[in-house]
Amino acid sequence: MSRRVTSTLLASVLLMASLVGCSADARKTESWRAPAAPPPAATPTPQVPAGTAPKSAFGVGVRQLKLNRDGRALPVTLWYPAAGEAGGAVKRSAAAAQGRFPVVMFSHGLTGRPEDYATLLTRWAAAGFVVAAPTFPHTSRGSDGNILDVLNQPADVSYALTQVLALDGKAGDGLRGRLATDRVAAAGHSAGGVTTIGLFTASRDERLDAGVVFAGTAVGVGTAFAGATAPQLFVHGELDEVVDYAAGKAAYDKVPWPKALLSLPKGDHGRALLSDAATLRVVSDTSVEFLRWSLYGDAEAKKRIPTDATRGDIATFDDHL
């Protein structure tokens, strides 16, 4: 067996241990990884030019995009700023709002689906972002649950991103002329957090300007962060019973770019994103301001991040942005 195959197999086994409830093992496996290249020189600002994010909320539309990458079915749910009054129900296939909006690619967790995160993702859309969330063929709810397929998901996201960005120039498409194709982020939860980290390490997609990692770990994808500066926001519960907090913090510590860690002392693996209203508000507001800064280049949004992150006793904030 070749050294490359052996390394891939070992990384896959470690990834499985980390994401199927073995939080104690996560601390052990974080010590193993291939030697990383020296981190690239980083500048203290995002790649995007300075600008101003929308100040008013939008209505939200939703539609489906059917994609397939080499036999891998990848249906994508798109939430986007819609014309009409903000704060109402999400409207299927609603007309897009006027403007050009940055794109955020979101990756769900193991046995999850994009709709599980709708409360958070529609808030991003209402703030002025097009959110594209693939349903992965082997890790989504109702699939065969092959956790090792997480290693194929960064390529899935890059493929889906290409197809989503192409809508900006597609005649007759409702998002034609509405996408800021040069302002893109990746985000994900749990196995989707692994996917997101992979997009900045072993499977670096240079189109990405920023990342948001919820309850993620670098096991399987490594911490050799590469390419141009891409600010990162990590969010992790200190009581996470699936991906140990220390494993997420270890990945965060290796990020060579502007970064911040929102730690939830009472947070577990997923409740902050799915059901706890007070925690979700802090996570939502903090991530919105981070995206406004990193994708719109909004300096005022950056100033608001620490305030949103430390509201109440819900979270602590390590700020290196």
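As shown above, the structure is provided for reference.
If you're wondering where the values come from, they're calculated on a predicted model, not measured in any experiment. (Residues numbered from 1 in each chain as written. Predicted model: local features only at pLDDT ≥ 70, side-chain atom pairs only at ≥ 80, totals over all residues. Heavy atoms only, no water.)

**Re the pattern of salt bridges**
Stage number 1. The full count for this structure, using the stated rule, is 15 salt bridges.
Stage number 2. A salt bridge links Asp 116 to Arg 141; the nearest nitrogen and oxygen atoms lie 2.9 Å apart. Of the two residues, Asp 116 sits in the loop between strand E6 (101-107) and helix H3 (118-126) while Arg 141 sits in the loop between strand E7 (130-134) and helix H4 (153-166), which places them 25 residues apart along the sequence.
Stage number 3. Residue class for Arg 141 comes out partly exposed when judged on its relative accessible area of 37%.
Stage number 4. Arg 311 is paired through a salt bridge with Asp 285; the nearest N and O atoms lie 3.2 Å apart. Taken as a pair, Arg 311 in the loop between helix H9 (299-309) and strand E12 (316-320) and Asp 285 in helix H8 (residues 277-296) lie far apart in primary sequence, 26 residues in all.
Stage number 5. Residue Arg 311 is classed as partly exposed on the basis of its relative accessible area, which comes to 26%.
Stage number 6. In this structure Asp 285 comes out as partly exposed when scored by relative accessible area, which is 23%. (Salt bridge = Lys/Arg side-chain N within 4 Å of Asp/Glu carboxyl O. Helix = DSSP H or I, 4+ residues; strand = E, 2+ residues; numbered from the N terminus. Buried < 20%, exposed > 50% of the residue type's maximum accessible area, 1.4 Å probe, protein only.)

**Focus: the sheet that holds E7**
Stage number 1. Spatial ordering of the open sheet is given by E5-E1-E4-E7-E6-E8-E9-E10-E11-E12, a layout of 10 strands whose pairing is mixed. Each edge of the open sheet is held by one strand with a lone partner, namely strand E5 (91-92) and E12.
Stage number 2. Here strand E1 (residues 59-65) runs beside strand E4 (residues 76-82); their pairing, made up of seven bridges, is antiparallel. Within the sheet, the bridge partner assigned to Leu 65 lies in E4 and is Val 76.
Stage number 3. Sheet contacts for helix H6 (residues 245-253): strand E10 (232-237), strand E11 (259-264) and E12; angle to E11, the most-contacted strand, approximately 170°. (Pairing = 2+ DSSP bridges. Contact = heavy atoms within 4.5 Å. Axes fitted to C-alpha atoms, helices over the stretch in contact; angles between N-to-C directions.)

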